[in-house]
Amino acid sequence: MPPLIERLQSWFQYPLPHHWLSRVIYHVMRIRQTTIKNWLIRTIVRRYQVDMSLAQEPNPERYPDFNTFFTRPLRTGVRPIAADPNAIACPVDGTVSEAGAITHGRVYQAKGLDYNLLTLLGGQQHLADLFEDGTFATIYLSPRDYHRIHMPLTGTLRETVYVPGRLFSVNPATTRTVPGLFVRNERLVAIFDTIAGPMAMIPIGAIFVAGIETVWSGNYGDRMLRDFEHRRFDDQAPTLEKGAEMGRFNMGSTVILLFGPGKAQWNPDLKTGQTTRMGEAIAQIL
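Residues numbered from 1 in each chain as written. Predicted model: local features only at pLDDT ≥ 70, side-chain atom pairs only at ≥ 80, totals over all residues. Heavy atoms only, no water.

Caption draft 1: Main features of the sheet that holds strand β6 (residues 148-150). With respect to topology, 4 strands assemble into an open sheet ordered β6-β14-β10-β11, the strand pairing being antiparallel. For this open sheet the edge positions go to β6 and β11 (218-219), each flanked by a neighbour on one side alone. Summarising the sheet, β6 and strand β14 (residues 245-249) pair through 3 bridges and their orientation is antiparallel. Bridge pairing in β14 links I149 to G247. (Pairing = 2+ DSSP bridges. Helix = DSSP H or I, 4+ residues; strand = E, 2+ residues; numbered from the N terminus.)

As structure tokens, this is what we get:
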């Protein structure tokens, strides 16, 4: 059982007005008053030891607001993309929460906790059928990490499902204590056709992170609440190259990656707590 302090921290989140708080933070992160935005940025850089030498703009005070700093691009070449055509590249900088097999329609969350694959995919049975008995990886982005999401393989967008929900924190303590965390929270399911078959990339919203953004549809955090949305892409479906940006978080959160049965094998060192870097090989196509 998780420590009492972790359970208390999670219980405290249940009554919070998640979306209202996130909307307030959405506006705070876009304040351009020099003193305020510089204080916010330098506080995060200092507290989380953010390595600004990797950023395209290393001077924290040159960012016009906190959100621009948080979604900062990296310098060219600091995150090389795995060149092997059979290598599946990591989509984000972060820390592995869990990685493994999807069994009996369940996805492992943390010790003693799992959740339903069908619910994760917005109740779309045809999508759940694609990934039943497949593989998953869950990667957590902390405030110190690079917050853009990139393509593990070249893929053509097939369909998206936006699922409204709560905005619990997705930090390790909450992941260990809130049952079904990733199917409670707001999320965007993006399905791509790749050389490894269907691939799902699922950015998960979290407290202060009602701002999932994609390169094809813009910002899903531009309104406080959105309705469920299922969209199919046909003739005008975008194709994104391996390593290309597919989206970003306007604060930190989590990405879940899914492959179908017999399509991908995670590297042996891809275990809970492992640090990841965008572009490195985390799996091989079978």
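Structure shown, so let's carry the discussion forward.
Caption draft 2: How the structure looks around the nonpolar core. By size, the foremost hydrophobic cluster in this structure holds 34 residues, and its most contacted members are F192, M201, W216, M246, F259 and W266. Breaking this core down by element, the ones donating at least two residues are β5 (135-140), β7 (155-163), β8 (187-194), β9 (197-204), β14, β15 (254-259), β16 (264-266) and β18 (281-285). Not counting residues within four places of it along the chain, the set of residues in contact with M246 comprises I149, H150, M151, A190, F192, M201, E213, T214, V215, W216 and L240. (Core = buried A, V, L, I, M, F, W, Y, C linked by side-chain atoms within 4.5 Å. Buried < 20%, exposed > 50% of the residue type's maximum accessible area, 1.4 Å probe, protein only. Contact = heavy atoms within 4.5 Å.)

Caption draft 3: Expanded view of the packing of aromatic side chains. Evaluation of the coordinates by the stated rule reveals 8 aromatic pairs. When the centroid spacing of 6.4 Å and the interplanar angle of 75° are considered together, the rings of F69 and F70 count as edge-to-face. When sorted by exposure, F69 lands in the same class as F70, which is buried. Aromatic ring contacts, followed pair by pair, group Y63, F66, F69 and F70 into a single cluster. A cation sits over an aromatic face here: R23 above Y26, 4.5 Å from the ring centre. Stacked on the ring of Y26, the Lys or Arg R30 has its end atom at 3.7 Å from the ring centre. (Phe/Tyr/Trp six-rings, centres within 6.5 Å; stacked < 30°, edge-to-face > 60°. Lys NZ or Arg CZ within 6 Å of the ring centre and 35° of its normal.)

Caption draft 4: Region of the structure containing a nonpolar patch on the surface. Judged by side-chain polarity, L4, I5, L8 and W11 come together as a nonpolar surface patch covering roughly 420 Å² of accessible area. Within the secondary structure, L4 is located in helix α1 (residues 4-13). Residue classification places L4 among the partly exposed residues on the basis of a relative accessible area of 47%. (Patch = residues over 30% accessible without salt bridge, like charges linked within 9 Å, V, L, I, M, F, W, Y side chains within 5 Å. Areas by Shrake-Rupley, 256 points an atom, 1.4 Å probe, with all protein chains shown as cover. Salt bridge = Lys/Arg side-chain N within 4 Å of Asp/Glu carboxyl O.)

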